[in-house]
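Examination of the molecular architecture
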6 protein chains.
Amino acid sequence: MMKYKRGLFVGRFQPFHNGHLFAIEYALERSEFLYIGLGSSNKSHEERNPFTAAERIEMIKAALDDRGVDPRKWMIIPIPDTTSHFLWTKMVKMIVPKFDVVFSNDPLTLRLFVEEGIETIEVPLREREKLMATEIRNRMINGLPWQDFVPKSVGRLIKKFDGEERMRKINRM
Amino acid sequence: MMKYKRGLFVGRFQPFHNGHLFAIEYALERSEFLYIGLGSSNKSHEERNPFTAAERIEMIKAALDDRGVDPRKWMIIPIPDTTSHFLWTKMVKMIVPKFDVVFSNDPLTLRLFVEEGIETIEVPLREREKLMATEIRNRMINGLPWQDFVPKSVGRLIKKFDGEERMRKINRM
Amino acid sequence: MMKYKRGLFVGRFQPFHNGHLFAIEYALERSEFLYIGLGSSNKSHEERNPFTAAERIEMIKAALDDRGVDPRKWMIIPIPDTTSHFLWTKMVKMIVPKFDVVFSNDPLTLRLFVEEGIETIEVPLREREKLMATEIRNRMINGLPWQDFVPKSVGRLIKKFDGEERMRKINRM
Amino acid sequence: MMKYKRGLFVGRFQPFHNGHLFAIEYALERSEFLYIGLGSSNKSHEERNPFTAAERIEMIKAALDDRGVDPRKWMIIPIPDTTSHFLWTKMVKMIVPKFDVVFSNDPLTLRLFVEEGIETIEVPLREREKLMATEIRNRMINGLPWQDFVPKSVGRLIKKFDGEERMRKINRM
Amino acid sequence: MMKYKRGLFVGRFQPFHNGHLFAIEYALERSEFLYIGLGSSNKSHEERNPFTAAERIEMIKAALDDRGVDPRKWMIIPIPDTTSHFLWTKMVKMIVPKFDVVFSNDPLTLRLFVEEGIETIEVPLREREKLMATEIRNRMINGLPWQDFVPKSVGRLIKKFDGEERMRKINRM
Amino acid sequence: MMKYKRGLFVGRFQPFHNGHLFAIEYALERSEFLYIGLGSSNKSHEERNPFTAAERIEMIKAALDDRGVDPRKWMIIPIPDTTSHFLWTKMVKMIVPKFDVVFSNDPLTLRLFVEEGIETIEVPLREREKLMATEIRNRMINGLPWQDFVPKSVGRLIKKFDGEERMRKINRM
């Protein structure tokens, strides 16, 4: 397979789940080096963004280390939101070193880079995997099992962060 | 008809439609000069604000030029949002030169200026025309015809901006 | 009853109602001095935050003065929102002098302080009293009576601020 | 002496000094009730703003309590900065309940309220007293005595906050 | 002379002076249509930005009308500052409709567009004309004559805005 | 030498120089894992912050790779500024996973963590090395040699970014 020199995968990882792991491995196979953009890094403790950037960095690192992914091949870069989505791609260029292709499964992310004339690749996920983060958060709130949707090491971290309790408190606000 | 010296019409123009055209002509008949305040100018590529200020300026200018409105009689001024609506009228005064009256069909806009003791005129639109922008955005998402709700020149611009595709991507986010 | 030296009670007071009065008196009984943190002080004229901080300060002061609460025992401190809730507790420490305990009936507020290792006390309100502010705002919009939910002096202030009309305009936006 | 109903005194209090005490007593003599606006409440740990709002509130309260000023006659209200000074007077109105007159010795503060048509009174301070805060901060940096410029209780608080050390670290940045 | 279709001239106009008039006419000769970007539109009442965007719009319009410039050939667009200059060119593209060339005499403005691969033209001003705004502001503060540096209509507006007094108050802050 | 589990080194790296390299190696010797916090990541193209976060990440990575530092031992994390320095340590905790010690040679950075009760270590640099970034930027502006102050790979990157020209344009603004 022909490889891109430097790829960028963007996600919010709220929390990091098996769909993310598949997507990152998909992107890693197609890139010599992969930047993992951690979106909405300035958000936390709210319904759609329960975990801090620090916690999400730990999740990603634990999952990739467990999987034995070579640490010389990737780098996590937190990316804060911008007031207007139109400014966001420029914000990304300000923080992430030069990249040749963007991997994502979020339609708006892909669209924003397309409008900039940047090459994009939609990671082939089933609808269910795309919506996994929402599903997991709802299960946490309702006390249903969610551990099978995430790598084992991520499950342990969420437990350490007392993530279920936090989700429930946020939801009752 | 007695005329105000300088009127201000405020709208978000997401997108510019026939109701806006009627309202601006209504305001122009009652003002020697009209400032057209482009609200939420700092927002774009989101559900309620799909178009950039730049794109909306092109829409307004094209529609008024097509209509043969004298360019010496109006000026577009982009107005960004403020954290609190209470600060917004002051923000308007910071950016828009002195005006004598505010035209709008948005209840909150009118209310905010009333609380400041500024004269306001509610443009007489039917409920349907007030909600036209929402209707157009929904039709774009669902692939229904929307071109009859906007001036012809605006329809061409939205096509040039690939507006339908953008709306659909934003909606699937 | 053993008393804390300095307590902090946090609320948004949109508007100030009988549940707030009960909670503040509950906190005052347990504190030698009480800081009353006025949350979302930077918000106004929107659905969940119709009143300015200035108006809310008047409401609190009027209610406590009417009740004959000793003015040497409490102080109101407006606290603006932060981008991330995670930063909010630190913002509170930046504006509110040293306190020993936090009183609240908002689950997220309590949770945020718990994560910081700060002592918290949940004020024992019935569910109905917790949701009173939402109920009052809905009644204002729908023209139903709401005056019995607030102290008399607060009812007079809301009338002076023309609060019902403002709520209706915000709601029709 | 004829008294205003509600006065507003604005200062940054970095730190609170004898000039501030004189000015507040001057304003209290002319007002039935005095709001003490704590400017730049969102700034701290920088050269011109070394102390947090929380620390400055403690200073003001300690100084006025020591002086025996009636706590029913005044209220401290923190006021954050705005991007543009033009918006600042509106921000003040959003947070401070209705006032009839503004006391200050800062030319720009007075000017901003004059442009709004609000009555202002320049507190008659000697040039030296106006510049006292700058003088105190410089003395802290250079290890010179500064305690005589501030009320005794404020001196104790600054010592408790380890203010001299903080000033020196900020300055060496 | 070959003409660009749509040019953009950017300045802060604090205040609008004869150098600006020369530069705009220079750009108008080379463009079928000219966008006049009003920089730092979110700033006012500070040393380097004493006038509001509203006041600066009045200045530009008065000067161009006096000069008899065809109103169909230009449009003023206020542009707020961004946190990072790197994001600023994208902000410009968000607010200003498509342009082919940028005219300016500010080295950083030109540099930022060069880094984006956009064509730029440095307006040939003498050093003195580039620094005219600073010179005028200093003269206002020191009570020296400055009227010869600005178009007559602008001089009248600055007088109407009481600009000299404002400059002096800002400077004494 | 006893090692900390997770250290944090904070710098702005404008640009990355030999003093930074020494400090990072000093911190790496004392930590099993080192987070390299890239301060003022939201700033660029200004006098004290000429380079984007993206460019600075490239510099750090190139220098450490050249030096043969094990990529499993460190991670770069961009940290944006906060309005108040008081909030900054909390922002750091929001983005950087748990750390046991902070290395820095900036007095304010160290002071802020000391006030939080976090262990700090001042890296033993000579005064000249602490001020190296300022020196390099001044040399770039004045066309003097600066390459000996930075690792070779960083020199090449600055040339690729056309850093000297950018510095000169920023300076002439």
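My aim in this report is to walk through the structure given alongside it, one point at a time. (Residues numbered from 1 in each chain as written. Chains lettered and ligands numbered in written order. Predicted model: local features only at pLDDT ≥ 70, side-chain atom pairs only at ≥ 80, totals over all residues. Heavy atoms only, no water.)

1. Comments concerning the interface of chain F and chain E
What counts here: Contacts between residues were defined by any pair of non-hydrogen atoms, one from each residue, lying within 4.5 Å. Throughout, the accessible surface (probe 1.4 Å) given up by two parts as they are put together, summed over both, is called the buried area. Here, a salt bridge means any Lys or Arg side-chain nitrogen found within 4 Å of an Asp or Glu carboxyl oxygen.
Facing the 14 residues of chain F at the interface are 11 residues of chain E. Between chain F and chain E lies a buried interface of about 1,100 Å² when both sides are counted; carbon and sulfur atoms form 60% of it. Remark: the boundary between chain F and chain E carries 2 salt bridges. Among the salt bridges present, the one from Arg166(F) reaches Glu115(E), with a minimum N-O distance of 3.0 Å.

2. Quick notes on the packing of helix α3 (residues 85-95) of chain B against helix α3 (residues 85-95) of chain D
For clarity, the threshold we go by: Interaxial angles span 0 to 180 degrees and are taken between N-to-C directions of axes, which are lines fitted to C-alpha atoms, for helices over the stretch in contact. Only DSSP runs of H or I covering at least 4 residues are called helices, and only runs of E covering at least 2 are called strands; the numbering of each starts at the N terminus. Under this scheme an angle from 65 to 115 degrees is roughly perpendicular, one under 35 degrees roughly parallel, and one over 145 degrees roughly antiparallel; angles in between are oblique. Handedness of a crossing follows from how the near helix is turned relative to the far one, being left-handed for an anticlockwise turn of less than a right angle and right-handed for a clockwise one. Lys, Arg, Asp and Glu make up the charged group, whereas Ala, Val, Leu, Ile, Met, Phe, Trp, Tyr, Cys and Pro make up the nonpolar group; the residues left over, Gly among them, are polar.
Packing of α3(B) against α3(D) brings their axes to within 9 Å, and their N-to-C directions diverge by 160°. The orientation of α3(B) relative to α3(D) falls into the category roughly antiparallel. Where α3(B) crosses over α3(D), the two elements pack in a sense that is right-handed. Contacts from Phe86(B), Leu87(B), Thr89(B), Lys90(B), Met91(B), Lys93(B) and Met94(B) in α3(B) reach Phe86(D), Leu87(D), Thr89(D), Lys90(D), Met91(D), Lys93(D) and Met94(D) in α3(D). Of the residues contributing to the contact of α3(B) with α3(D), the split by class is 8 nonpolar, 2 polar and 4 charged.

3. Details of the pairing of strand β4 (residues 101-104) of chain F
The two faces of a sheet get side chains in turn, since along a regular strand they alternate between them. Residues and elements named next belong to chain F. To keep things clear, this is the line we draw: Exposure categories follow from relative accessible area, calculated using a 1.4 Å probe and restricted to protein chains: below 20% of the type maximum is buried, above 50% is exposed, and the middle band is partly exposed. Two strands make a pair as long as DSSP finds a minimum of two bridges between them. Crossover handedness is defined here as right-handed if the route from the first strand over the helix to the second strand goes clockwise, with the strands pointing away from the viewer.
The alternating pattern of β4 places Val101 and Phe103 and Val102 and Ser104 on opposite faces, both of which are buried. Alignment of β4 against strand β5 (residues 120-122), held across 3 bridges, turns out to be parallel. Each bridged residue has a counterpart across the sheet, and for serine 104 the counterpart in β5 is glutamate 122. Crossover handedness for the path β4 to helix α4 (residues 107-115) to β5: right-handed.

4. Re α3(B)
For clarity, the threshold we go by: Residues adjacent in sequence count toward polar contacts only when both atoms are side-chain atoms; beyond that, a polar contact is any pair of N or O atoms within 3.5 Å, and within protein one must be able to donate a hydrogen and the other to accept it.
Of all 11 residues that make up α3(B), 9 are buried, and the element is covered over most of its length. Buried positions along α3(B) lie against β1 (4-11), β3 (74-78) and α4 (107-115) of chain B, α3 of chain D together with α2 (53-66) and β3 (74-78) of chain E. The backbone nitrogen of Phe86(B) lies 3.0 Å from a side-chain oxygen of the residue at the head of α3(B), namely Ser84(B).

5. Some remarks on the pairing of strand β1 (residues 4-11) of chain A
All names here are of chain A. Burial of β1 is extensive: 6 of the 8 residues sit out of reach of the surface. Examined bridge by bridge, β1 and strand β2 (residues 31-39) share 7 bridges and lie parallel to one another. Its bridge partner lying in β2, phenylalanine 9 is registered against isoleucine 36.

6. As for the relation of the copies chain F and chain A
Each of the two chain copies goes to the other by way of a rotation about an axis and a shift along it. Keep this limit in mind: Least squares is used to superpose the copies, and the fit set is the C-alpha atoms of residues whose pLDDT is at least 70 in both copies.
Between chain F and chain A, which share one sequence, the superposing operator has a rotation angle of 180° and an axial displacement of 0.0 Å; the RMSD is 0.0 Å. Taken together, the rotation angle and the small translation identify this as a two-fold axis. A shared interface surface links the copies, since 100% of the contact residues of chain F are contact residues in chain A too.

7. What about the sheet that holds strand β5 (residues 120-122) of chain B?
Where strands meet in a sheet, backbone hydrogen bonds hold them as pairs that are either parallel or antiparallel. Residues and elements named next belong to chain B. Judged by pairing direction, the sheet is parallel, and its 5 strands sit side by side in the order β3-β2-β1-β4-β5 without closing on themselves. One side of each edge strand has no neighbouring strand; the edge strands of this open sheet are β3 and β5. The mean inter-strand angle of the sheet, taken between neighbouring strand axes irrespective of direction, is 25°. Bridge count for β1 against strand β4 (residues 101-104) is 3 bridges, and the pairing is parallel. The residue of β4 that forms the bridge with leucine 8 is valine 102.

8. Things to note about the interface of chain F and chain A
With 22 residues of chain F at the contact, the number on the chain A side is 22 residues. Counting each side, the surface lost to burial between chain F and chain A is near 1,700 Å², with a carbon and sulfur contribution of 76%. Counting across the interface, chain F meets chain A through 0 salt bridges. Our count for the contact surface shared by chain F and chain A stands at 4 residue pairs in polar contact (both at pLDDT 80 or more).

9. Quick word on the packing of aromatic side chains
Where we set the bar: Any Phe, Tyr or Trp ring, taking Trp's six-membered ring, that has another such ring centre within 6.5 Å forms a pair; planes under 30 degrees apart are called stacked, those over 60 apart edge-to-face, and the others tilted. The criterion is that NZ of a Lys, or CZ of an Arg, lies within 6 Å of the ring centre and within 35 degrees of the ring normal, and then a charge sits over that ring.
Across all of its chains, the model carries 45 aromatic pairs over all chains by this definition. Each ring, one from Tyr26(B) and one from Phe103(B), has its centre 6.5 Å from the other, and the planes form 85°; the classification is edge-to-face. Of this pair, Tyr26(B) sits in helix α1 (residues 18-29) while Phe103(B) sits in strand β4; the two residues are 77 residues apart in sequence, bridging distant segments of the chain. The exposure class of Phe103(B) is buried, given its relative accessible area of 0%. Between the aromatic rings of Phe13(C) and Phe16(C), the centroid separation amounts to 5.8 Å while the plane-to-plane angle is 25°, which identifies the pairing as stacked. When sorted by exposure, Phe13(C) lands in the same class as Phe16(C), which is buried. Here the aromatic residues Tyr4(D), Phe22(D), Tyr26(D) and Phe103(D) are joined through ring pairs into a cluster of three or more. When the ring centre of Tyr26(B) is taken as reference, the NZ or CZ atom of Arg30(B) above it lies at 3.7 Å.

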